[in-house]
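Now for the letters of each chain:
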Amino acid sequence: MTSPPVGASTEEPSIPPRLHRPLAAVWISLALHGALIALIQVAPPASPGNGYTIEARLVDAQPAPLPLQPAEPLAEAEPVVPAPAVDLPVPAAALPTPPAEPRPAEPAAADPAPAGGLAAAVDLTYYPARELDVQPRALHAISPEYPAEADRQRQSGTVRLQLKLEADGRVVDASVVDATPPGVFEDSALRAFRAARFAPARKDGRPVRALILIEVSYDIEPPAQP
């Protein structure tokens, strides 16, 4: 084993203190941009001894086609019978008609305000996820509770929710689209997402209302082997 040359330093190279803050900002930026907008991670409440995971993600809405209604047959129009002509007697002498007095000119009506002015200022449309430029994202951790009965029976499942979000990110409506198995995880998912708050969705550079689908997965992990 050879000894290091005299005068050589055995210490590992260190980062100068002036580079600590820029490097920390770079790492934070990389961590934020690496998060997937379309995947909302939800953290289950700490519960020692229970192994399970809950995950939620945005899914694209596929509206079901509306059933076509058969056209009703048009009722046949009844034939129009012309009224019989009536001969009116002509008076022997017609009285002279007095000249009509000139009527004052009516003031010109003001042009009505454009009906679309208010509609253009306030966009009331709920845009689906595929029409948005920026997807909404949760501002805080969403933590659905794993139902106690499902935990005892080691049940897993999924719930698909439809959320209506206002332009400021508030959840104004949440409803269950489907659930597997039914009647197990729906209440847990609804309670968690009705209380959630999102960063607004954006379209054409402005915040807009959004209509999104969230799929929440409840997975029981196998118990650890001793």
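A brief report on the enclosed structure follows. (Residues numbered from 1 in each chain as written. Predicted model: local features only at pLDDT ≥ 70, side-chain atom pairs only at ≥ 80, totals over all residues. Heavy atoms only, no water.)

So, about the nonpolar core. Counting residues in hydrophobic clusters, the biggest one holds 33 residues, and the most contacted among them are Leu163, Phe193 and Phe198. Going through the elements one at a time, strand 2 (52-59), strand 5 (157-165), strand 6 (171-180), helix 4 (186-194) and strand 9 (206-220) are the ones with two or more residues in this core. Not counting the four nearest positions on each side in its chain, Phe193 is found in contact with Ala56, Ile142, Leu161, Leu163, Val171, Phe198, Ile214 and Val216. (Core = buried A, V, L, I, M, F, W, Y, C linked by side-chain atoms within 4.5 Å. Buried < 20%, exposed > 50% of the residue type's maximum accessible area, 1.4 Å probe, protein only. Helix = DSSP H or I, 4+ residues; strand = E, 2+ residues; numbered from the N terminus. Contact = heavy atoms within 4.5 Å.)

It is worth spelling out the side chain of Glu166 at this point. Within the secondary structure, Glu166 sits in the loop between strand 5 and strand 6. With near-sequence residues (within four places) excluded, Glu166 lies in contact with Tyr126, Val172, Val208 and Arg209.

In total, this model carries 7 salt bridges according to the counting rule given. Across the pair Arg160 and Glu215 runs a salt bridge, and its minimum N-O distance is 2.9 Å. Of the two residues, Arg160 sits in strand 5 while Glu215 sits in strand 9, which places them 55 residues apart along the sequence. Under the relative-accessibility criterion, Arg160 is labelled partly exposed at 24%. Here Glu166 makes a salt bridge to Arg209, at a shortest N to O gap of 3.1 Å. Within this pair, whereas Glu166 is found in the loop between strand 5 and strand 6, its partner Arg209 is found in strand 9, the two being separated by 43 residues in sequence. For the pair Glu166 and Arg209, a shared accessibility class is recorded, and that class is buried. What emerges from the salt-bridge pattern is a single network uniting Arg57, Arg160 and Glu215. (Salt bridge = Lys/Arg side-chain N within 4 Å of Asp/Glu carboxyl O.)

Bringing the packing of aromatic side chains into the picture now. For the structure on display, the rule yields 3 aromatic pairs. Summarising the aromatic geometry, the rings of Tyr146 and Phe185 are spaced 5.6 Å apart at their centres and angled 80 degrees between planes, so their arrangement reads as edge-to-face. Here the residue Tyr146 occupies a position in the loop between strand 4 (137-138) and helix 3 (148-152), and Phe185 occupies one in the loop between strand 6 and helix 4, the gap between them amounting to 39 residues. The buried category is assigned to Tyr146, whose relative accessible area is 8%. Of the residues examined, Phe185 reaches a relative accessible area of 0% and is grouped as buried. Plain terms: the ring middles of Tyr146 and Tyr218 are 5.7 Å apart, the flat faces sit at 75 degrees to each other, and that makes the pair edge-to-face. Taken together, the residues span a long stretch of sequence, with Tyr146 in the loop between strand 4 and helix 3 and Tyr218 in strand 9 at a distance of 72 residues. (Phe/Tyr/Trp six-rings, centres within 6.5 Å; stacked < 30°, edge-to-face > 60°.)

Next up on the list: unusual backbone geometry. A cis geometry characterises the amide bond from Thr180 onward to Pro181, with omega recorded as -10 degrees. Its location among the elements puts Pro181 in the loop between strand 6 and helix 4. Phi angles above zero are rare outside glycine, and Arg154 is one such case at about 55 degrees. Residue placement: Arg154 occurs in the loop between helix 3 and strand 5. We classify Arg154 as partly exposed; its relative accessible area is 36%. Positive phi outside glycine occurs at Asp204, with the angle close to 55 degrees. If you trace the backbone, Asp204 turns up in the loop between strand 8 (201-203) and strand 9.

Burial runs high along strand 9: 11 of the 15 residues are buried. With 8 bridges connecting them, strand 2 and strand 9 associate as antiparallel partners. Among the inter-strand pairings, Ile54 is bridged to a residue of strand 9, identified as Tyr218. Pairing of strand 3 (residues 126-128) with strand 9, which is carried by 3 bridges, proceeds in the parallel orientation. Bridge pairing in strand 9 places Tyr126 opposite Arg209. Across 9 bridges, the pairing between strand 5 and strand 9 is antiparallel. Paired with Thr158 across the two strands is Ser217, which belongs to strand 9. As paired strands, strand 8 and strand 9 are joined by 3 bridges and run antiparallel to one another. (Pairing = 2+ DSSP bridges.)

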